[in-house]
Amino acid sequence: MEVRSKIPVGSYEETKMFQSDLNGIITLQKKYMKDRVVYIPEPNKGIYILFNAEDIQEVLVTKQKYFEKGTTANLLKSLLGEGLVTSKGHKHRKDRKLMQPMFQSIEHFAPHMIKHTVSLLENWEDGQQRDVSREMNEVTLNIITDTMFGTKADKNLLGDLRASLKNFARFIMKNTGNTQVDEKEIMDFRQNIQLLNQVVLSIIEKRKSENIDNYHDLLSLLLKTRDESNNQLTNEEIKDQVMTIFVAGHGTTANMLSWIWFLVSQHPEVEQKLYEEIDTVLAGKPPKIHDLKNLQYTDLIIQESLRFYPVVYQLRRKVVEEVKIGNHLFKKGDEILLSQYALHRSPLYYDRADEFIPERFLDDNIKNNPKFSYFPFGGGARVCIGNHFALQEAALILVTIAQQYKLLLHNPTKVEVEPLITLSPKNGLEMTLKRRE
Ligand code: HEM
């Protein structure tokens, strides 16, 4: 008998459950993790979900050449063009090599990260209610435009931009694998893209009118780059890379920080330890990059938050050539789903997986877990290029704010997880700012 016929198939109810609710995959995992995989016959194209960390490592690392990015990446292309997130094969390797230097040494970005957090705090007052998710988006957007493009984010565009990106993400999630997309939705979607393109093109145009040698950021790197035949990158190529970093490089970190604030506010004992550590290590002084190594509990909170709410919660891959993964054979064209959300809550790897326990990352059992039982930044050739940038940024923003404020949440039941391209708080995150004595 053919190996692939042994793969269990989800029922109609299970397919519905998987599509309608993020927790559907947790129920599927409980039932099918011993089989390591389940096939879910979605209406347009079925998908295989893997539940074993070793199999995931094969897909992302050891057998990565048998895979390419799945259908979400194709829709993302309409926004990001052929940038680093969406490019494939030779073009991807070239792009990665080109952008890598910007992410190799990131310590010098620390003062910018702190400066933008401090200026965010200048607008905060004791007792105010603020949508912390919006605030985190603002500060991370300012940081990415400053560090990568040497410019300021245009204040007027910020609100529109955030709404635009969210609409865009909703569109993608609704239409991944869908062949009949509503005309009106396509029109709105195009308008959204135009707005984003405008922002990015204005950044490029402004720089072209200046002396690029005065800058040492990603934009200048892209403008100075020559290919093998000594040709410059085209405007379109530069726009795609800029748009990619612009989009991939702020909403993700903003959502991670929103979940951290939410989780910390719901766990007073964790909150207390965090504040104690910050007060002891920083002793009231602004953080410096070398302080991060001494902020160990802060680091545990960040790791555990990314386990609990992995902002990039699933990856899709498409098989390009028949391949055996674990005990199963996959054919060309098969779509595979790797779910950080499921693996990070798998009983195979985590005790009390539904509880938020930062200390678990000190546990030896966790250290012995297979590598891909925890993969918030993916893995292999396509591992997140901004992972260290994001972790450094999150820690600096978190401690800079926590030195001055506690954030209180009055109505936790109002906070809902919305699984778009990233996990975001559906209706924002209204919190009260309490200034510390
Ligand atoms: C908490 C924050 C972040 C998370 C959880 C995250 C997660 C991820 C994941 C899981 C991937 C792999 C996607 C795949 O394999 O299909 C990825 C790729 C990528 N990320 Fe991030 N990311 C974060 C922050 C950032 C930042 C700050 C930047 C840039 C400054 C960035 C830029 C990118 C780029 C360009 C790629 C594509 C890399 C490639 O395909 O070679 N990310 N990210």
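Cut-offs used in this document
- Residues numbered from 1 in each chain as written.
- Predicted model: local features only at pLDDT ≥ 70, side-chain atom pairs only at ≥ 80, totals over all residues.
- Heavy atoms only, no water.
- Helix = DSSP H or I, 4+ residues; strand = E, 2+ residues; numbered from the N terminus.
- Phe/Tyr/Trp six-rings, centres within 6.5 Å; stacked < 30°, edge-to-face > 60°.
- Buried < 20%, exposed > 50% of the residue type's maximum accessible area, 1.4 Å probe, protein only.
- Core = buried A, V, L, I, M, F, W, Y, C linked by side-chain atoms within 4.5 Å.
- Contact = heavy atoms within 4.5 Å.
- Near = heavy atom within 4 Å.
- Polar contact = N/O pair within 3.5 Å; in protein donor to acceptor, adjacent residues only side chain to side chain.
- Nonpolar A, V, L, I, M, F, W, Y, C, P; charged D, E, K, R; others polar.
- Axes fitted to C-alpha atoms, helices over the stretch in contact; angles between N-to-C directions.
- Parallel < 35°, antiparallel > 145°, perpendicular 65-115°, else oblique.
- Left-handed = near helix turned anticlockwise from the far one by under 90°.
- Expected span 1.5 Å × (residues − 1).
- Arc of directions from axis to C-beta.
- Salt bridge = Lys/Arg side-chain N within 4 Å of Asp/Glu carboxyl O.
- Pairing = 2+ DSSP bridges.
- UniProt positions renumbered as here; feature names shortened; annotations may be inferred.

Here the phi dihedral of asparagine 230 falls at roughly 65 degrees; this positive angle occurs in a residue that is not glycine. If you trace the backbone, asparagine 230 turns up in the loop between helix H10 (218-224) and helix H11 (235-248). Residue alanine 283 is not a glycine yet carries a positive backbone phi of 45 degrees. As for its position among the elements, alanine 283 is in the loop between helix H13 (268-282) and helix H14 (296-308).

The subject of this paragraph is the packing of aromatic side chains. The full count for this structure, using the stated rule, is 13 aromatic pairs. Measuring from centroid to centroid gives 6.4 Å for phenylalanine 103 and phenylalanine 389, while their planes differ by 70 degrees, and the two rings are edge-to-face. Of the two residues, phenylalanine 103 sits in helix H5 (residues 89-104) while phenylalanine 389 sits in helix H17 (residues 387-404), which places them 286 residues apart along the sequence. One exposure class covers both phenylalanine 103 and phenylalanine 389, and it is buried.

What follows concerns the nonpolar core. Within the largest apolar cluster, 128 residues are counted, with the highest numbers of intra-cluster contacts made by Met148, Trp261 and Phe330. Looking at this core, the element that brings in the most residues is H17, giving 10 residues. Tryptophan 261 has contacts with Val132, Met136, Tyr275, Leu398, Ile401, Ala402, Leu407 and Met431, leaving out every residue within four places of it along the chain.

Okay, the site of the ligand next. By nearness alone, 28 residues border the ligand, and His92, Arg96, Arg317, Arg382 and Cys384 come closest of all. Taking histidine 92, its side chain carries an N or O atom lying 2.6 Å from an oxygen atom of the ligand. For the shell around the ligand, the class distribution of residues is 17 nonpolar, 7 polar and 4 charged.

The next thing to look at is the packing of helix H7 (residues 132-149) against helix H12 (residues 251-265). Packing of H7 against H12 brings their axes to within 8 Å, and their N-to-C directions diverge by 140 degrees. By the angle class used here, H7 and H12 are oblique. The way H7 lies across H12 gives a crossing that is right-handed. Each of Val132, Ser133, Met136, Asn137 and Thr140 in H7 lies in contact with H12, whose residues at this interface are Gly251, Thr253, Ala254, Leu257, Ser258 and Trp261. Here the residues of the contact of H7 with H12 sort into 5 nonpolar, 6 polar and no charged.

Once that is clear, we can look at H13. Over its 15 residues, H13 runs 21 Å from end to end, which matches the ideal 21 Å to within 8%, given 1.5 Å per residue. Listed in full, the buried residues belonging to H13 are Val270, Glu271, Leu274, Tyr275, Glu277, Ile278 and Leu282. Seen along its axis, H13 keeps its buried residues to an arc of 160 degrees; they face one direction. Turned more than 90 degrees off the buried face of H13, the exposed positions are Pro268 and Thr280. Lining the buried residues of H13 we find H12, H14, H17 and strand S9 (405-408). Just beyond H13, the residue with positive phi is alanine 283, at close to 45 degrees.

Attention shifts here to the packing of H7 against H17. At a minimum axis separation of 12 Å, H7 and H17 run at an interaxial angle of 130 degrees. On the basis of their axis angle, the class for H7 and H17 is oblique. Our pair here, H7 against H17, has a crossing hand that is right-handed. For the pair H7 and H17, the contacting residues are Met136, Val139, Thr140, Ile143, Ile144, Thr147 and Met148 in the first and Phe389, Glu393, Ile397 and Ile401 in the second. By residue class, the composition of the contact of H7 with H17 is 8 nonpolar, 2 polar and 1 charged.

Counted under the stated rule, the structure contains 20 salt bridges. A salt bridge links arginine 360 to glutamate 304, with the shortest nitrogen-to-oxygen separation between them at 3.0 Å. Of the two residues, arginine 360 is situated in the loop between helix H15 (340-343) and helix H16 (364-367) and glutamate 304 in helix H14; the sequence distance between them amounts to 56 residues. Looking at arginine 360, the relative accessible area reads 8%, which means it is buried. Judged by its relative accessible area of 0%, glutamate 304 is buried. Notably, a salt bridge pairs glutamate 355 with arginine 352, separated by 2.8 Å at the nearest N-O pair. Judged by its relative accessible area of 35%, glutamate 355 falls in the partly exposed class.

Right, let's get into the pairing of S9. In S9, alternate side chains face the same way, and those of Tyr405 and Leu407 are buried while those of Lys406 and Leu408 on the opposite face are not. Across 4 bridges, the pairing between S9 and strand S12 (residues 430-435) is antiparallel. Of the residues in S12, the one forming a bridge with tyrosine 405 is arginine 435.

In this section: the sheet that holds strand S4 (residues 129-131). The 3 strands are arranged S4-S12-S9 in an open sheet whose pairing can be described as antiparallel. With one partner strand each, in any of the chains shown, S4 and S9 form the two edges of the open sheet. When the angles between neighbouring strand axes are averaged without regard to direction, this sheet yields 40 degrees. Two strands pair when backbone bridges link them, and S4 and S12 are joined in this way by 3 bridges, in the antiparallel orientation. Pairing of glutamine 129 across the sheet is with threonine 432, part of S12.

What follows is about the UniProt feature "binding site: heme" (unreviewed entry) in the chain. UniProt's entry tags Cys384 with the feature "binding site: heme" (unreviewed entry), counted in the numbering of this structure. With respect to the element layout, cysteine 384 can be found in the loop between H16 and H17. Ignoring anything within four residues of it in the chain, the contact list for cysteine 384 reads Arg96 and Phe377.

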